[in-house]
Amino acid sequence: MTYITDTLAKDETLLAEGKISKWSLFHIYCAAVIFGVSIICLPISAMLLLYAWLKIRSTEMGITSKRVIRKSGVIMRDTSEIRLSKVESVSVKQGFLGRIFGYGDVIISGSGGNDAVMKGVKDPLVFRNAVDDACESTVVISMNIDAASGAGLDRLISARNAQGGAA
């Protein structure tokens, strides 16, 4: 993890990370083998294998104490970041092979129509549960802050009323 750890704020910690499954690129491996059978198509096979390797190495997915981050790309970078407080739903899509080999797509929908689509995630249900857990801990923290500030407001109003002023 380089991009995610480099972009952490000073009070932000990395809670979990996701990895792209090698099985999600199975079709590319198959095409590389088919092209590799012919000596003439061997360069195409090598390019397909290089693409698969770069895709795995350049894709980062992480859950921090404040946000969910997805980054992909070597030359051109594509990132999605959603603050945990803005996450509305987390869904998982798994096809037949994804169910067998344990990979799938995790779609995180944020308020305002902001979505982070993480394709080919290894153990997508584990990653979804980690997002849910991080979101729930954020809600608990914000509820505690709201309760504390609300209690302070109640004390201020009752003190003002005791002095004879209107709130």
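Source: prediction; values computed, not measured.

Procedures and definitions
- Residues numbered from 1 in each chain as written.
- Predicted model: local features only at pLDDT ≥ 70, side-chain atom pairs only at ≥ 80, totals over all residues.
- Heavy atoms only, no water.
- Phe/Tyr/Trp six-rings, centres within 6.5 Å; stacked < 30°, edge-to-face > 60°.
- Helix = DSSP H or I, 4+ residues; strand = E, 2+ residues; numbered from the N terminus.
- Buried < 20%, exposed > 50% of the residue type's maximum accessible area, 1.4 Å probe, protein only.
- Pairing = 2+ DSSP bridges.
- Axes fitted to C-alpha atoms, helices over the stretch in contact; angles between N-to-C directions.
- Core = buried A, V, L, I, M, F, W, Y, C linked by side-chain atoms within 4.5 Å.
- Contact = heavy atoms within 4.5 Å.
- Parallel < 35°, antiparallel > 145°, perpendicular 65-115°, else oblique.
- Left-handed = near helix turned anticlockwise from the far one by under 90°.
- Nonpolar A, V, L, I, M, F, W, Y, C, P; charged D, E, K, R; others polar.
- Patch = residues over 30% accessible without salt bridge, like charges linked within 9 Å, V, L, I, M, F, W, Y side chains within 5 Å.
- Areas by Shrake-Rupley, 256 points an atom, 1.4 Å probe, with all protein chains shown as cover.
- Salt bridge = Lys/Arg side-chain N within 4 Å of Asp/Glu carboxyl O.
- 1 Å grid on protein atoms, 1.4 Å probe; cavity = no way out; pocket = protein on both sides within 12 Å on 5 of 7 lines; lining within 4 Å.
- Points joined across faces, edges and corners; volume = space filled by probe spheres on them.

**As for the packing of aromatic side chains**
Item 1. For the structure on display, the rule yields two aromatic pairs.
Item 2. The interplanar angle of 35 degrees and the centroid separation of 5.7 Å between the aromatic rings of Trp23 and Phe26 together place this pair among those described as tilted.
Item 3. Here Trp23 and Phe101 contribute two aromatic rings whose centre-to-centre distance is 3.9 Å and whose plane-to-plane angle is 10 degrees, an arrangement assigned as stacked. Placement of the pair is Trp23 in the loop between strand S1 (14-18) and helix H2 (26-36) and Phe101 in helix H4 (residues 96-101), with a sequence separation of 78 residues.
Item 4. Judged by relative accessible area, Phe101 falls into the partly exposed class, the value being 33%.

**Re the sheet that holds S1**
Item 1. What the four strands build is an open sheet, ordered S1-S2-S3-S4; its pairing is antiparallel. With one partner strand each, in any of the chains shown, S1 and strand S4 (78-83) form the two edges of the open sheet. Between one strand and the next, the sheet's axes are offset by a mean angle of 15 degrees, whatever the strand orientation.
Item 2. Relative to strand S3 (residues 67-72), strand S2 (residues 60-64) runs antiparallel, the two being bridged by four bridges.

**Topic: the nonpolar core**
Item 1. Judged by nonpolar contacts, the single largest core of 17 residues is most densely connected at Val106, Ile108, Met118, Phe127 and Val131.
Item 2. Counting only elements with at least two residues in this core, the list comes to S2, strand S5 (87-93), strand S6 (103-110), strand S7 (115-122) and helix H5 (124-162).
Item 3. Take this core: its biggest share by element is four residues, from H5.
Item 4. In contact with Met118, other than residues within four places in its own chain, are Met61, Val68, Ile69, Arg70, Gly104, Asp105, Val106, Ile108 and Phe127.

**Things to note about the packing of H2 against helix H3 (residues 42-58)**
Item 1. Viewed as axis vectors pointing N to C, H2 and H3 meet at an angle of 160 degrees, and their least axial separation amounts to 7 Å. With respect to H3, the axis of H2 lies roughly antiparallel. In this structure, the crossing between H2 and H3 has a hand that is left-handed. Between H2 and H3, the residues in contact are Ile28, Tyr29, Ala31, Ala32, Val33, Phe35 and Gly36 and Leu42, Ile44, Ser45, Leu48, Leu49, Tyr51, Ala52 and Ile56, respectively.
Item 2. A class-by-class count of the residues in the contact of H2 with H3 yields 13 nonpolar, two polar and no charged.

**Some points on a nonpolar patch on the surface**
Item 1. A cluster of nonpolar side chains, contributed by Trp23, Phe26, Phe96, Leu97, Ile100 and Phe101, occupies part of the molecular surface with about 610 Å² of accessible area.
Item 2. Top contributing element to the nonpolar patch by residue count: H4, with four residues.
Item 3. The residue Phe26 is located in helix H2 in this model.
Item 4. By relative accessible area, Phe26 is classed as partly exposed at 37%.

**Brief notes about the sheet that holds S6**
Item 1. In spatial order, the strands read S5-S6-S7; together these three strands make up an open sheet with antiparallel pairing. Each edge of the open sheet carries a strand with a single partner, namely S5 and S7. Pairs of neighbouring strands in the sheet enclose a mean axial angle of 15 degrees, with direction left out of account.
Item 2. Across six bridges, the pairing between S5 and S6 is antiparallel. Looking across to S6, one finds that Val87 is bridged to Gly110.

**Looking at the layout of surface pockets**
Item 1. Quantified by volume, the largest pocket comes out at close to 380 Å³.
Item 2. If one sorts the elements of the lining of the largest pocket by residue count, H3 sits on top with four residues.
Item 3. Of the residues that constitute the lining of the largest pocket, the class distribution is five nonpolar, four polar and seven charged.
Item 4. Its boundaries defined by the atoms lining it, the second largest pocket holds a volume of some 270 Å³.
Item 5. Forming the boundary of the second largest pocket are 15 residues, of which Lys55, Val117, Met118, Lys119 and Gly120 lie nearest the centre.
Item 6. Among the secondary structure elements, those contributing two or more residues to the lining of the second largest pocket are S3 and S7.
Item 7. Residue contributions to the lining of the second largest pocket peak at four residues, all from S7.

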